[in-house]
Amino acid sequence: MTRTVTVQMEPQAAPIDIDRTAVIIIDMQRDFLQPGGFGESLGNDVSKLQRAVEPCQKVLAVARELGMLVIHTREGHLPDLTDLHPFKLQRPGSSHAGLIGTEGPMGRIMVRGEVGHDIVPELYPKPGEPVIDKPGKGSFSSTALECILRAKDISTLLVCGVTTEICVNSTIREANDRGFFCICIGDCCASYFDEFHEMTLKMMKAQGGILAYVTDSKSICDSLKSLSS
Ligand code: C5J
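Cut-offs applied
- Residues numbered from 1 in each chain as written.
- Predicted model: local features only at pLDDT ≥ 70, side-chain atom pairs only at ≥ 80, totals over all residues.
- Heavy atoms only, no water.
- Helix = DSSP H or I, 4+ residues; strand = E, 2+ residues; numbered from the N terminus.
- Rg over C-alpha atoms; globule rule 2.2 N^0.38 Å.
- Buried < 20%, exposed > 50% of the residue type's maximum accessible area, 1.4 Å probe, protein only.
- Contact = heavy atoms within 4.5 Å.
- Areas by Shrake-Rupley, 256 points an atom, 1.4 Å probe, with all protein chains shown as cover.
- Near = heavy atom within 4 Å.
- Polar contact = N/O pair within 3.5 Å; in protein donor to acceptor, adjacent residues only side chain to side chain.
- Phe/Tyr/Trp six-rings, centres within 6.5 Å; stacked < 30°, edge-to-face > 60°.
- Pairing = 2+ DSSP bridges.
- Salt bridge = Lys/Arg side-chain N within 4 Å of Asp/Glu carboxyl O.
- Core = buried A, V, L, I, M, F, W, Y, C linked by side-chain atoms within 4.5 Å.

**Q** Please clarify how the overall build of the protein should be interpreted in this entry.
**A** Counting secondary structure elements, the protein contains eight helices and 10 strands. At 17 Å, the protein has a C-alpha radius of gyration in line with the 17 Å of a compact globule built from 229 residues. Over its C-alpha atoms, taken along the principal directions, the protein stretches across nearly 55 × 35 × 30 Å. Out of the 229 residues belonging to the protein, those deemed buried represent 52%. Taking the intrachain contacts of the protein between residues at least 6 apart in sequence as the baseline, contacts between residues at least 24 apart amount to 74%. Entry remark: accessible area of the protein is about 10100 Å², with carbon and sulfur atoms responsible for 53%.

Shown next, in the form of structure tokens:
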């Protein structure tokens, strides 16, 4: 028996088969959300990303209860930085040149295995949930994500995480081109820039949902919970 629910979204409500739907939580890492990491080193107010944590927790709880596939991603680099391309490190002429790999209060910035690179405790992966380590902004580039999704017969992605206009946006664009139906859960995403967050959601759902449909955690949770009642 299929488990299908209709979700209120923009530009329009649509049904999803939850057994072919995965929740993907993008880069909810200390490096982006906590003081002393990559995000703050770039001059950002990291407290702006906190607002996505509680909605993500709610979606995660319902998804886990229903046995849905939950995938986490982390942006970062190998300790020897061999997967870090020179432009990302140097950004010619930028005051942020050479930041990745330097020592910070949470270890080397954006380096795998360091405290800052890991996912915040509130959203920590449960055993068995795939964690995709990616060197770039998109979650498909140089990772096994597509193999995992195809192997699990996933057709729809519920996308959460940070930051809305960079890694969430890149991942949705990659997924859309690969034929996945993307639903961006707006309040489960956040940006250091309010206007970028708003405009990214607006852009995704414009033109009949050209990149993604957009919803919120309450709509998703209400729809999913209707299955367990
Ligand atoms: C950035 C990300 N903003 N996860 N990464 O560099 O959005």
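**Q** Can you walk me through the site of the ligand in this structure?
**A** Residues in contact with the ligand, as listed here, are Asp27, Phe32, Phe38, Glu75, Lys137, Val162, Thr163, Ile166 and Cys167. Taking Asp27, its side chain carries an N or O atom lying 2.7 Å from a nitrogen atom of the ligand. In the environment of the ligand, a nitrogen atom lies 2.9 Å from a nitrogen or oxygen atom belonging to the side chain of Glu75. When the ligand is considered free in solution it has 230 Å² of accessible area, and contact with the protein chains removes 94% of it.

**Q** Which parts of the structure should I look at to understand the packing of aromatic side chains?
**A** The geometry of two aromatic rings is summed up by the distance between their centres and the angle between their planes. Under the counting rule described, the total for this entry stands at four aromatic pairs. Ring plane angle 35° and centroid distance 6.0 Å describe the contact between Phe140 and Phe180, whose orientation is recorded as tilted. One end of the pair, Phe140, is in the loop between β7 (131-134) and α5 (145-151); the other, Phe180, is in the loop between α6 (164-177) and β9 (181-190), with 40 residues separating them in the sequence. Taking relative accessible area as the criterion, Phe140 reaches 6% and is therefore assigned buried. By relative accessible area, Phe180 is classed as buried at 4%. Here the aromatic rings of Phe181 and Tyr213 are separated by 5.0 Å at their centres, their planes lie at 90°, and the arrangement is edge-to-face. Within this pair, whereas Phe181 is found in strand β9, its partner Tyr213 is found in strand β10 (residues 213-215), the two being separated by 32 residues in sequence. In this structure Phe181 comes out as partly exposed when scored by relative accessible area, which is 26%.

**Q** Help me understand the pairing of β7, please; the structure alone is not making it clear to me.
**A** Walk down a regular strand and you will see the side chains alternate between the two sheet faces. Burial along β7 is one-sided: the face carrying Ile132 and Lys134 is buried and the face carrying Val131 and Asp133 is not. In the sheet, strand β4 (residues 69-75) pairs with β7 via four bridges, with the strands oriented parallel. Bridge pairing in β7 links Thr73 to Ile132.

**Q** Before we go on, may I ask you to explain the pattern of salt bridges in this structure?
**A** Close approach of charged atoms lets side chains of opposite charge pair. All told, the structure shown has 16 salt bridges when counted by the stated rule. Close ionic contact of Lys58 with Glu54 constitutes a salt bridge, the shortest N to O distance being 3.4 Å. Remark: Glu54 and Lys58 occur in helix α3 (residues 53-65); sequence separation between them is four residues, near one turn of the helix. For Lys58, a relative accessible area of 45% corresponds to the partly exposed category. Of the residues examined, Glu54 reaches a relative accessible area of 48% and is grouped as partly exposed. A salt bridge links Arg150 to Glu146, with the nearest nitrogen and oxygen atoms 2.9 Å apart. With Arg150 and Glu146 both in helix α5 and four residues apart, this pair spans about one turn of that helix.

**Q** Sorry, what's going on with the side chain of Glu75 here?
**A** Residue placement: Glu75 occurs in strand β4. Every residue in contact with Glu75, bar those within four places of it in the chain, is listed here: Asp27, Gln29, Phe32, Lys88, Met110, His117, Lys134, Gly136, Lys137 and Cys167.

**Q** Would you explain the nonpolar core in this entry?
**A** One finds Val23 and Met28 to be the most contacted residues of the largest nonpolar core, which totals 46 residues. Elements supplying a minimum of two residues to this core: β1 (4-7), β2 (14-17), β3 (21-26), α1 (30-33), α3, β8 (156-162), β9 and α8 (217-228). Sorting elements by how many residues they give to this core places α3 first, with six residues. The residues contacting Val23, other than those within four sequence positions of it, are Val59, Ala63, Met68, Leu69, Val70, Ile71, Leu158 and Cys160. Core analysis: the next-biggest nonpolar cluster, separate from the first, contains 25 residues, Phe140, Cys167, Cys184 and Met204 among them.

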